[in-house]
Amino acid sequence: QADSYISAKLTQAAASAGEESCPSDVAAWLEVLLVFGKAVSKKGQDLLIDPCSVIGQLEWHSPGLLYLSRVDASAGPFTVRTMLFVDLSGELSRLNNQEDGKGSVWSGSVTDEDDEWDGPFTIEFWRDFGSYNRVADSLSCFLLDTISKAAAHNQLTHNNTCIIVKTI
């Protein structure tokens, strides 16, 4: 019954981003994290993926974009909000003359000095105002690269609560 609940929540999250469903790798990773009650972060750094927020903060999402996390951090006299999100439609990639961007992972940030601080953080917002960049071709590529780097630098998450993927 938990699987059907999670599937329904993931479908609801995709719908709040204007899509019928999440790309299969996004759905699979989020389901694993939700089933095991885990989030993804790097030791000493802020949250990278918060699956509970993905399904619980539906107002974060905007047409074509599924937000994986939002982190606010102090940067001197102002606050920086950094967001990690998936380009569900591939539109953000097309706007940046990048091919095959459906399901790609992006990072973007705004400061509280910006008039657009409260969002919504749409594709048009990022095109017109935001500071953003593509960080991976897919959520799988992003997570496997993050895990690989963490293992290589012995920076696994606190109390070994991460997924460790080894190449055999």
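The helix and strand inventory of the chain stands at six helices and six strands. Counting from the amino terminus, helix and strand elements in the chain follow one another as α-α-β-β-α-β-β-α-β-α-β-α. Considering the chain as a whole, with its 168 residues, one finds that 39% of them fall into the buried category. Of the roughly 9,300 Å² of accessible surface on the chain, a fraction of 48% belongs to carbon and sulfur atoms.

Okay, unusual backbone geometry next. In this model, Asn97 sits at a positive phi of 55 degrees, which is unusual for a non-glycine residue. Within the secondary structure, Asn97 sits in the loop between helix H4 (91–95) and strand S5 (104–111). In this structure Asn97 comes out as exposed when scored by relative accessible area, which is 73%.

Turning next to a nonpolar patch on the surface. There is a patch of nonpolar side chains on the surface, built from Val32, Val35 and Phe36 and spanning about 280 Å² of accessible area. Relative to the helices and strands, Val32 is located in helix H2 (residues 24–35). The exposure class assigned to Val32 is partly exposed, which follows from its relative accessible area of 35%.

Further remarks concern the pairing of S5. In terms of residue burial, S5 counts as a mostly covered element, since seven of its eight residues are buried. Bridge count between strand S4 (residues 78–87) and S5: eight bridges; the pairing is antiparallel. Of the residues in S5, the one forming a bridge with Phe85 is Trp106.

Scanning the entire structure with this criterion turns up seven aromatic pairs. Ring geometry for Trp126 and Tyr132: centres 6.1 Å apart, planes at 65 degrees, overall edge-to-face. Members of the aromatic cluster, each reached through a chain of ring pairs, are Tyr67, Phe85, Trp106, Phe121, Phe125, Trp126 and Tyr132. Residue placement shows Arg70 over the ring face of Tyr67; its charged tip is 6.0 Å from the ring centre.

The next subject is H2. For H2, which comprises 12 residues, the first-to-last C-alpha distance of 16 Å matches the rise-based estimate of 16 Å (1.5 Å per residue) to within 8%. Those residues of H2 that fall on the buried side of the exposure criterion are Asp25, Val26, Trp29, Leu30, Leu33 and Leu34. Projection of H2 onto a plane perpendicular to its axis shows the buried side chains occupying an angular sector of 160 degrees, all on one side. Of the residues flanking the end of H2, it is Gly37, one or two places downstream, whose phi is positive at about 65 degrees.

Another aspect to go through is the nonpolar core. As a rule of thumb, nonpolar side chains are buried together in soluble globular proteins. In terms of nonpolar packing, the biggest core is built from 26 residues, with Leu30, Ile49, Leu66, Leu68, Leu139 and Phe142 touching the most fellow members. For this core, the secondary structure elements donating two or more residues are helix H1 (2–16), H2, strand S2 (47–49), helix H3 (51–56), strand S3 (65–75), S4 and helix H6 (139–152). Ranked by residues supplied to this core, first place goes to H2 with five residues. Among the nonpolar cores identified, the runner-up in size contains 12 residues, and Trp60, Leu65, Phe85 and Val110 belong to it.

What counts and what doesn't
Residues numbered from 1 in each chain as written. Predicted model: local features only at pLDDT ≥ 70, side-chain atom pairs only at ≥ 80, totals over all residues. Heavy atoms only, no water. Helix = DSSP H or I, 4+ residues; strand = E, 2+ residues; numbered from the N terminus. Buried < 20%, exposed > 50% of the residue type's maximum accessible area, 1.4 Å probe, protein only. Areas by Shrake-Rupley, 256 points an atom, 1.4 Å probe, with all protein chains shown as cover. Patch = residues over 30% accessible without salt bridge, like charges linked within 9 Å, V, L, I, M, F, W, Y side chains within 5 Å. Salt bridge = Lys/Arg side-chain N within 4 Å of Asp/Glu carboxyl O. Pairing = 2+ DSSP bridges. Phe/Tyr/Trp six-rings, centres within 6.5 Å; stacked < 30°, edge-to-face > 60°. Lys NZ or Arg CZ within 6 Å of the ring centre and 35° of its normal. Expected span 1.5 Å × (residues − 1). Arc of directions from axis to C-beta. Core = buried A, V, L, I, M, F, W, Y, C linked by side-chain atoms within 4.5 Å.

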